[in-house]
Amino acid sequence: MDLLERDTHLEALHGWLEDASAGGGCIVLVSGEAGIGKTSLLRRFVDEQRQASRVLWGGCEALFTPHPLAPLYDIARQAGGEFAKVIAAASQREAVFNLTIEHLARTAAPTILIFEDVHWADEATLDLIKFLGRRLQRLGVMLILSYRDDELGTLHPLRSVIGDLPLGFDRRLHLLPLSGAAVAALAHAAGWPAQRLHELTCGNPFFITEVLAAADKVPDTVRDAVMARMTRLSAPARAVANLAALVPGKAERWLLEGILPTTAALLEECLAVGMTTLPDGALAFRHELARCAVEESLPPPQRQELHARILEALLQRPGSEIAAARLVHHADRAGDTAAVLRHAPLAAARAASLGAHREAAAHYASALRHAVSLPNETRAQLFEWRSYECYLTDQIAEAIEARGAALTLWRAGGNRLKEGDSLRWLSRLSWFNGQKAAAERYAAEAVAILEPLPRGRELAMAYSNSAQLAMLAGDAGPALEWGRKAIALATALDDTEILSHALNNVGTTKLIQLDAGGLEDLNRSLELALAGGYQEHAARAYCNLSSTGFRIRDFDRANRYFKEGIAYCEKQDLDSWARYMIAFRAATALAQGDWAQAAEDAQAVIEHSRVAPVTKIPALVALGRLRARRGDPGADSVLQEAWDLSLPTGEVQRIGAAAAALAEVAWLEGSPQRALAVLRLSAALAREHPDPWMKGEIAFWSWRCGDPAETANDIAAPFAAQIAGDWRAAASGWAAIGCPYEQAMALADSEEEDELRAALDIVERLEAAPMAGILRRKLRASGVRGISRGAQERTRQNPLGLTNRQMKVLAQLAQGGRNADIARRLFISEKTVDHHVSAILAKLEVRSRGEAAAAAYRLGLWAPENGERVAKK
């Protein structure tokens, strides 16, 4: 079938390749539903292009548990030479990644690197894509990723990878179904009824191909169309096709011949019904949908028997290393328990070493399904391994379930040491899951069981875990006491890993108490972690050094460790910790008046598909406060989400931050009483904790909202000064720290014109419309004249009610800007742009972006000759 309606896509690909040939490099995301023609488009592009020095093509497989780095191994075989050898020999993910980037750096530009079907990609492949995406800018590589976007749920890990690609480096092609006219042309050429063909296929090229090739009548379903073509095969050829259908990706010629008589004539028959042979002689279906249709048509007993024969042939293959993941796939479907138990743990260990932790967890799950007859200790160990791999991949509920199963087995066997260690792990996992009470209960049980036993690292970690829980809850006394015990035992055991963990908890607690010794402890924790290669502990040290810098308003230190810590975590691909720091960097940027940075960081965290509540809360608080201060819509909803997420943590650092932000919104909107309940709840928590800045913020907003009974002692100086009525000292304090908005709020308490005008200048510069309105009203009420109207009042005078931000979006929209372009130019998220575009269409009473542009010109809101917004006369 001709490649219809794809000319613009091919033109775009050629243009981007030309850019890449100049050494720039790019990542192209080709998306569309199954059968939409992604592979056909890429094959045509590769055939037409004349610039690339090399084209390397790898595909992800639809195995139940994918083979880690399968597309890279495809590519290595094509590249050949030393690269293929070293990739095959490398056993650690970091080595594989570095060898890949070094190989690409030595290849003449431009190189086209294609990863197909990445919606099936294993975790290691996704990490490789992210790794390459951050390093390809100057290598002249055009990395193309194809995927089915209709199979990406909100939590699909590919969404996270796409979100982490460098801004401005990606190019996107979304393939749509063929138009009715194109379908009609194809139907007419084949002598089919056009309307029925379009109804049956909805313009999907693969479906059209199958239907037109099926038979003399239109089938009821596309599956029927595929199976109708299979009926044309002779019995021996149909047996070959059935066998190939059970091998995702491709069936090697040696594999087919080892199981069934496979002659050239039989293969020719298969090719005639839509299958294909690959350059290495393997047989494959042209589309995965066709393979699945044939596979599902086979009776279960026949499928099981064929999987068993495939497994046997794979195991007998001499001189060729078969991936353990592939053996597990066929062993599991053959119901071969012994083979699953033999190969699944090996596949899991291999996956874990390559960083494919999600696949490792899945392989352990496969082993456990067949492990009923194994001894309890062996099963408990499998559960522990699965729990750890789930923990690393944010599958916390599954991690808790597996660790709980291990605990039951260790208890049944009377192994108290393992029982205590499992309880300590359950404490850690419960905290991650937002279950503070359960975390504390498990922690106490772990210590109670381990203390009577010979003192070892399990007890040291139990002590340090208790210190960590107390530190996070702001309970300084218990945090320091548990930390002291952990440090003493870790020192006696000469265990630097646990010592690093414990020093982190103690140092953070001291810093919150404004004890300078905490910085020394935290830095030592970091040094030990870096020296010992304890990446998780190093990331945690960076997180606490930077986030406590924000909490005590030491912004220089916070920004220094944000920079070092985020760079370290990105290099090690420790994304969870990097996002935690980015969330606090958003809060820091908001406080320092860099609101564009605050918006970008907060949106980057919130829009990520997999983000823990403890990371999302500070990002939501920063974004909610920013929206409230600018008068943008949506502040209440994001802050309510922050509040709902914070409550289960029971931690004042999160509950207090959300409460203060909600109070600020309520005060700006003139209804401060609605915040009193959340303020009183957080004040009760803060009263028992030593954090002067959090106590100060809650006390300040309680005072501001008319609840002086909630004022507190031992609070940070600027808050204390303002509550005491010394607004001048408060303003001076905020200026010294570098918080312009808070400085303006302090000046706003003045009755003097100069101070009020100074405050107005600050909030005008920040585009803080609600606070600016408050200051103007106060100035006018005191008899001051000649005050500028400000952005908010100008918005009110806009006859269509468009806000200043919406006018900027409209100007970009009228110039043909896409949402992604507009988002980059205005430093806001695509989702925010989408929200503004919807509002603009509603206010202009139009249905499309084109109509909005025309209306803007007709109403004099935008002048196309100079591309700038003009005032409405």
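Model, not experiment: these values are computed from the prediction.

Our next topic: the packing of aromatic side chains. Under the counting rule described, the total for this entry stands at 20 aromatic pairs. Considering the side-chain rings of Tyr391 and Phe432, the 5.7 Å spacing of their centres and the 75° angle between planes classify their relative orientation as edge-to-face. One end of the pair, Tyr391, is in helix α20 (residues 376-392); the other, Phe432, is in helix α22 (residues 416-432), and 41 residues separate them in sequence. Ring centres of Trp595 and Tyr741 lie 5.8 Å apart, and the angle between their planes is 55°; on these two criteria the pair is classed as tilted. One end of the pair, Trp595, is in helix α31 (residues 595-606); the other, Tyr741, is in helix α39 (residues 740-747), with 146 residues separating them in the sequence. One aromatic cluster is present, formed by Trp667, Trp693, Phe700, Trp701, Trp703, Phe719 and Trp734 through successive ring pairs. Over the face of the ring belonging to Phe550 we find Arg553, whose NZ or CZ atom lies 5.5 Å from the ring centre.

On the surface, a cluster of negative charge is contributed by Asp7, Glu11, Asp47 and Glu48. Counting only elements with at least two residues in the negative patch, the list comes to α1 (7-21) and α2 (38-48). Position of Glu11 relative to the elements: it lies in helix α1.

As a further point, take the sheet that holds strand β3 (residues 111-116). One open sheet holds the five strands; their spatial order is β2-β3-β4-β1-β5, and the pairing between them is parallel. Whereas interior strands pair on both sides, the edge strands pair on one side only; in this sheet they are β2 (54-59) and β5 (170-174). Mean inter-strand twist for the sheet, computed between neighbouring axes without regard to direction, equals 15°. Pairing of β2 with β3, which is carried by six bridges, proceeds in the parallel orientation. Across the sheet, residue Trp57 finds its bridge partner in β3, namely Ile114. Contacting β1 (26-31), β2, β3, β4 (141-147) and β5, α2 crosses the sheet at an angle of about 160° to β4. Running at roughly 150° to β3, helix α6 (residues 123-133) makes contact with β1, β3 and β4 of the sheet.

This next bit is on the packing of helix α27 (residues 517-532) against helix α28 (residues 535-551). Two numbers describe how α27 lies on α28: the axes approach to 8 Å, and their chain directions differ by 155°. Our classification of the angle between α27 and α28 gives roughly antiparallel. Considering only the axes of α27 and α28, their crossing is left-handed. Between α27 and α28, the contacting residues are Leu519, Leu522, Asn523, Ser525, Leu526, Ala529 and Leu530 on the first element and His537, Ala538, Ala541, Tyr542, Asn544 and Leu545 on the second. For the contact of α27 with α28, the per-class residue count stands at nine nonpolar, four polar and no charged.

As enumerated under the stated definition, the model contains six cavities of 30 Å³ or more in all. What lines the largest cavity is a set of 30 residues, and nearest its centre among them are Phe550, Arg553, Arg625, Ala657 and Glu697. For the lining of the largest cavity, the secondary-structure elements that each account for two or more residues are α28, α30 (575-592), α32 (613-630), α34 (652-668), α36 (692-704), α37 (717-723) and α39. By residue number, the principal contributor to the lining of the largest cavity is α32, which donates six residues. There is about 130 Å³ of room inside the second largest cavity. For the second largest cavity, the lining is made up of 16 residues, of which Met471, Gly474, Asp475, Ile512 and Arg551 are closest to its centre. Within the residue set of the lining of the second largest cavity, elements represented by two or more residues are α24 (457-473), α26 (496-512) and α34. Here the lining of the second largest cavity is composed, by residue class, of seven nonpolar, six polar and three charged.

Right, let's talk about the environment of Val833 for a bit. Its place among the elements puts Val833 in helix α45 (residues 830-844). When the C-alpha atoms of Val833 and Glu440 are compared, they prove to be 43 Å apart, with 393 residues separating the residues in sequence.

With that settled, the discussion passes to the pattern of salt bridges. Under the defined criterion, the tally for this structure stands at 40 salt bridges. Of the charged contacts in the structure, one is a salt bridge between Asp127 and Arg93, with a shortest N-O distance of 2.9 Å. Of the two residues, Asp127 is situated in helix α6 and Arg93 in helix α5 (residues 93-106); the sequence distance between them amounts to 34 residues. Grouping residues by exposure puts Asp127 and Arg93 together as buried. In this structure, Asp332 and Arg333 form a salt bridge, with 4.0 Å as the shortest nitrogen-oxygen distance. Residue classification places Arg333 among the partly exposed positions, given a relative accessible area of 28%. Residues participating in the shared-partner salt-bridge network are Arg553, Arg625, Arg629, Glu664, Glu697 and Glu742.

This part is about the environment of Arg350. Topologically, Arg350 is positioned in helix α18 (residues 337-353). Along the primary structure Arg350 and Gly24 are separated by 326 residues, whereas in three dimensions their C-alpha atoms are 35 Å apart. The contacts of Arg350, once residues within four sequence positions are left out, are Tyr73, Ala90 and Ser91.

Relative to the helices and strands, Asp749 resides in the loop between α39 and α40 (753-766). Along the primary structure Asp749 and Gly725 are separated by 24 residues, whereas in three dimensions their C-alpha atoms are 8.4 Å apart. Leave out the neighbours within four places in its chain, and Asp749 touches Trp703, Arg704, Gln722, Trp727 and Lys778.

Trp701, Tyr741, Val763, Met771 and Leu775 are the most contacted members of the largest nonpolar core, which totals 113 residues. If you tally residues by element for this core, the top one is α34, at 13 residues. Filtering out sequence-adjacent residues up to four positions away, Leu775 remains in contact with Ala748, Leu756, Ala759, Leu760 and Val763. If you look at the next biggest cluster of nonpolar residues, it comprises 97 residues, including Leu165, Phe169, Leu233 and Leu283.

It is worth spelling out the pairing of β4 at this point. For β4, a buried count of seven out of seven residues is recorded, marking the element as mostly surrounded by other parts of the structure. Residues Val141, Leu143, Leu145 and Tyr147 line one face of β4 and the alternating positions Met142, Ile144 and Ser146 line the opposite face, and both faces are buried. Pairing geometry for β3 and β4, over five bridges, is parallel. Along β4, the bridge assignment pairs Ile114 with Ile144.

Cut-offs applied
- Residues numbered from 1 in each chain as written.
- Predicted model: local features only at pLDDT ≥ 70, side-chain atom pairs only at ≥ 80, totals over all residues.
- Heavy atoms only, no water.
- Phe/Tyr/Trp six-rings, centres within 6.5 Å; stacked < 30°, edge-to-face > 60°.
- Helix = DSSP H or I, 4+ residues; strand = E, 2+ residues; numbered from the N terminus.
- Lys NZ or Arg CZ within 6 Å of the ring centre and 35° of its normal.
- Patch = residues over 30% accessible without salt bridge, like charges linked within 9 Å, V, L, I, M, F, W, Y side chains within 5 Å.
- Areas by Shrake-Rupley, 256 points an atom, 1.4 Å probe, with all protein chains shown as cover.
- Salt bridge = Lys/Arg side-chain N within 4 Å of Asp/Glu carboxyl O.
- Lys, Arg positive; Asp, Glu negative; His and termini not counted.
- Charge placed at Lys NZ, Arg CZ, Asp CG, Glu CD.
- Pairing = 2+ DSSP bridges.
- Axes fitted to C-alpha atoms, helices over the stretch in contact; angles between N-to-C directions.
- Contact = heavy atoms within 4.5 Å.
- Parallel < 35°, antiparallel > 145°, perpendicular 65-115°, else oblique.
- Left-handed = near helix turned anticlockwise from the far one by under 90°.
- Nonpolar A, V, L, I, M, F, W, Y, C, P; charged D, E, K, R; others polar.
- 1 Å grid on protein atoms, 1.4 Å probe; cavity = no way out; pocket = protein on both sides within 12 Å on 5 of 7 lines; lining within 4 Å.
- Points joined across faces, edges and corners; volume = space filled by probe spheres on them.
- Buried < 20%, exposed > 50% of the residue type's maximum accessible area, 1.4 Å probe, protein only.
- Core = buried A, V, L, I, M, F, W, Y, C linked by side-chain atoms within 4.5 Å.

In short, geometric facts, not functional conclusions.
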